[in-house]
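# Remarks on the overall topology
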Amino acid sequence: MSARIRMSRLHPHMLRHTFVTTMLDAGVSLRDTQIAAPHADPRTTMRYDRARKNLDRLPNYILAA
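Computed from a predicted structure; not experimentally measured. (Residues numbered from 1 in each chain as written. Predicted model: local features only at pLDDT ≥ 70, side-chain atom pairs only at ≥ 80, totals over all residues. Heavy atoms only, no water.)

The next thing to look at is the overall build of the protein. When helices and strands are tallied, the protein shows 5 helices and 0 strands. Sequence-ordered secondary structure for the protein, helices as α and strands as β, is α-α-α-α-α. For the protein, the proportion of its 65 residues judged to be buried stands at 17%. Counting only carbon and sulfur atoms, one obtains 62% of the accessible surface of the protein, whose full area is about 5500 Å². (Helix = DSSP H or I, 4+ residues; strand = E, 2+ residues; numbered from the N terminus. Buried < 20%, exposed > 50% of the residue type's maximum accessible area, 1.4 Å probe, protein only. Areas by Shrake-Rupley, 256 points an atom, 1.4 Å probe, with all protein chains shown as cover.)

This is the structure we're talking about:
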């Protein structure tokens, strides 16, 4: 019974979320991740990017380095 309760908390979207966040964390480009997801809109993929507010990843900071 307890296994059934635990399984009811798992959703197919959890696996997809893990897949997309792992790709983005590993440095796969947003476009490649969007295609693999498949998301029609890149803004959907960007919601999964946990480091999107990391200044070190902004293009201006990368060019300056």
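Let us now look at unusual backbone geometry. In the segment running from Ala-37 into Pro-38, the intervening peptide bond is cis, with an omega of -25°. Here Pro-38 lies in the loop between helix H3 (30-36) and helix H4 (42-46).

Time to look at the confidence of the model for the protein. Caution is warranted with low-pLDDT regions, since their predicted coordinates should not be read in detail. Summary statistics for the protein give a mean pLDDT of 77 and a share of 69% for residues scoring 70 or more. Per-element confidence in the protein is highest for H3, whose mean pLDDT is 89, and lowest for helix H1 (residues 2-8), whose mean pLDDT is 55. (pLDDT = per-residue confidence, 0-100.)

Bringing the pattern of salt bridges into the picture now. Overall, the coordinates contain 1 salt bridge when judged by the stated rule. A salt bridge links Arg-43 to Asp-41; the shortest N-O distance between them is 2.6 Å. On the basis of relative accessible area, Arg-43 is assigned to the exposed category, the value being 59%. (Salt bridge = Lys/Arg side-chain N within 4 Å of Asp/Glu carboxyl O.)

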